Amino acid sequence: MELNFKNIELADVVPYMEHWEETDQQASDYSFPILWGWAQDYGYQTAVEKESGLFWIRQTVPDIYNLAPIGDWQRDTWEQLITERFGKKCEFWLVPERLLDVWKAQFGDRLEAEDDRGNWEYLYHIADLASLAGNKYMRKRNRVNQFRRRYDYVYKPITHDVIPEVIRFQEAWCQANDCGTTPGLLHEHHGILRILNHWCEIPHMRGGLIEVGGRIVAYTIGELSESMLIVHFEKASLEYSAAYQAINQEFLAHILEEKPEIKIVNREEDMNDPGLRDAKMSYLPVDFIKKYHVKIKL
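These notes cover the structure that comes with them. (Residues numbered from 1 in each chain as written. Predicted model: local features only at pLDDT ≥ 70, side-chain atom pairs only at ≥ 80, totals over all residues. Heavy atoms only, no water.)

Further remarks concern the overall build of the chain. What the chain contains, in helices and strands, is 11 helices and 14 strands. Looking at the chain residue by residue over its 298 residues, the buried ones come to 54%. For the chain, restricting intrachain contacts to residue pairs at least 6 apart in sequence, the fraction spanning at least 24 positions comes to 71%. With the model as given, the accessible surface of the chain reaches about 14,000 Å², and the carbon-plus-sulfur share is 49%. A distance of 5 Å separates the average location of the 34 positive side-chain charges in the chain from that of its 48 negative side-chain charges. (Helix = DSSP H or I, 4+ residues; strand = E, 2+ residues; numbered from the N terminus. Buried < 20%, exposed > 50% of the residue type's maximum accessible area, 1.4 Å probe, protein only. Contact = heavy atoms within 4.5 Å. Areas by Shrake-Rupley, 256 points an atom, 1.4 Å probe, with all protein chains shown as cover. Lys, Arg positive; Asp, Glu negative; His and termini not counted. Charge placed at Lys NZ, Arg CZ, Asp CG, Glu CD.)

Structure below.
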């Protein structure tokens, strides 16, 4: 059967979230604000079908890439589902480990999986990063304390009232970091602005900012899922030493107070950037959401 793919729209958020909540492993790549926010640059499309109860997803720019579906993965009909929709030979990108395990059990040696290490998502205990307690976090804690001593700052949650200020800061950050000449940063910038401009229409969004002297110097944007907090974006002015460490710690401390039942924070992937990988590893991840490029021959 042919899937009826269409561009993902803001109006899709309710049915999309219903399928997202049924998904066994909620990787950030598949969260609604990421897919919808970046859709204009990457051409994300979805096809929802009642028959399987799955939301199929693909990227169409610069080429067509089939991603993993969201919904209930626990079924024994994957061979029929995939054959009827994609044929006997197909590929999927960014396949989360738990779905891969289900497919391996059903496809055996008819499946090849290549580790996509640059897209592994880093998971941490929120309590650890909120407190930065103990010797293992001494350097991080010292950086945050240095920021607190140096600057008389105020932390605020992101609400509708402060969105215009955050947008102005993001536009200034983009200009200072030459987004126009760096496609990845420019696409991210477009996604951030799209999300901010529709903040109240996307469920479960959370964010925080730090002001010094009435000016934003750092902000972060995240999303609450059923099992974790996902941090999608984090920006800070390099004029303020340790602003990145400070916004990370402050945001997680406030989330811990608001939602103590959420134990894990997902700080997304490193994209094979050595400096970013070192930074993420320095916060001592407790686990990863591993993802794979999968080829299936039936």
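A few words now on the sheet that holds strand 14 (residues 291-297). With antiparallel pairing, three strands are arranged side by side in an open sheet as 5-14-6. Looking at strand neighbours, the two that pair on one side only are strand 5 (89-96) and strand 6 (111-115), the edges of this open sheet. Averaged over all adjacent pairs, the angle separating strand axes in this sheet is 20 degrees, with direction ignored. Pairing between strand 5 and strand 14: six bridges, direction antiparallel. Looking at strand 14, one finds that Cys 90 is bridged to Ile 296. In the packing of helix 4 (residues 78-86) onto the sheet, the strands contacted are strand 5 and strand 14, and the crossing angle to strand 5 comes to about 120 degrees. Helix 5 (residues 97-107) contacts strand 5, strand 6 and strand 14 of the sheet and is inclined by roughly 145 degrees relative to strand 5. (Pairing = 2+ DSSP bridges. Axes fitted to C-alpha atoms, helices over the stretch in contact; angles between N-to-C directions.)

Strand order in the open sheet made by the four strands is 1-2-3-4, with antiparallel pairing throughout. A strand with exactly one partner marks an edge of an open sheet, and here the two such strands are strand 1 (6-7) and strand 4 (65-66). As judged from the five bridges shared by strand 2 (residues 45-49) and strand 3 (residues 54-59), these two strands associate in the antiparallel manner. By the bridge assignment for strand 3, Glu 49 is matched with Leu 54. Contacts from helix 1 (residues 13-22) reach strand 2 and strand 3, with the element oriented near 105 degrees to strand 3.

Glancing now at a negative patch on the surface. Taken together, Glu 18, Glu 21, Glu 22, Asp 72 and Glu 226 make up a surface patch of like negative charges. Following the sequence through the fold, Glu 21 ends up in helix 1. By relative accessible area, which is 36% here, Glu 21 ends up partly exposed. (Patch = residues over 30% accessible without salt bridge, like charges linked within 9 Å, V, L, I, M, F, W, Y side chains within 5 Å. Salt bridge = Lys/Arg side-chain N within 4 Å of Asp/Glu carboxyl O.)

Core analysis: the largest hydrophobic core is formed by 70 residues, its most contacted members being Tyr 16, Tyr 30, Trp 78 and Trp 103. Per-element tally for this core: the top contributor is helix 8 (residues 163-176), with six residues. Once you skip the residues sitting within four places of it in the chain, Trp 78 turns out to touch Leu 54, Trp 56, Pro 69, Trp 73, Leu 99, Val 102, Trp 103, Gln 106 and Phe 107. If you look at the next biggest cluster of nonpolar residues, it comprises 33 residues, including Tyr 124, Tyr 155, Ala 246 and Ile 262. (Core = buried A, V, L, I, M, F, W, Y, C linked by side-chain atoms within 4.5 Å.)

Any link to function would need more than the numbers given here.
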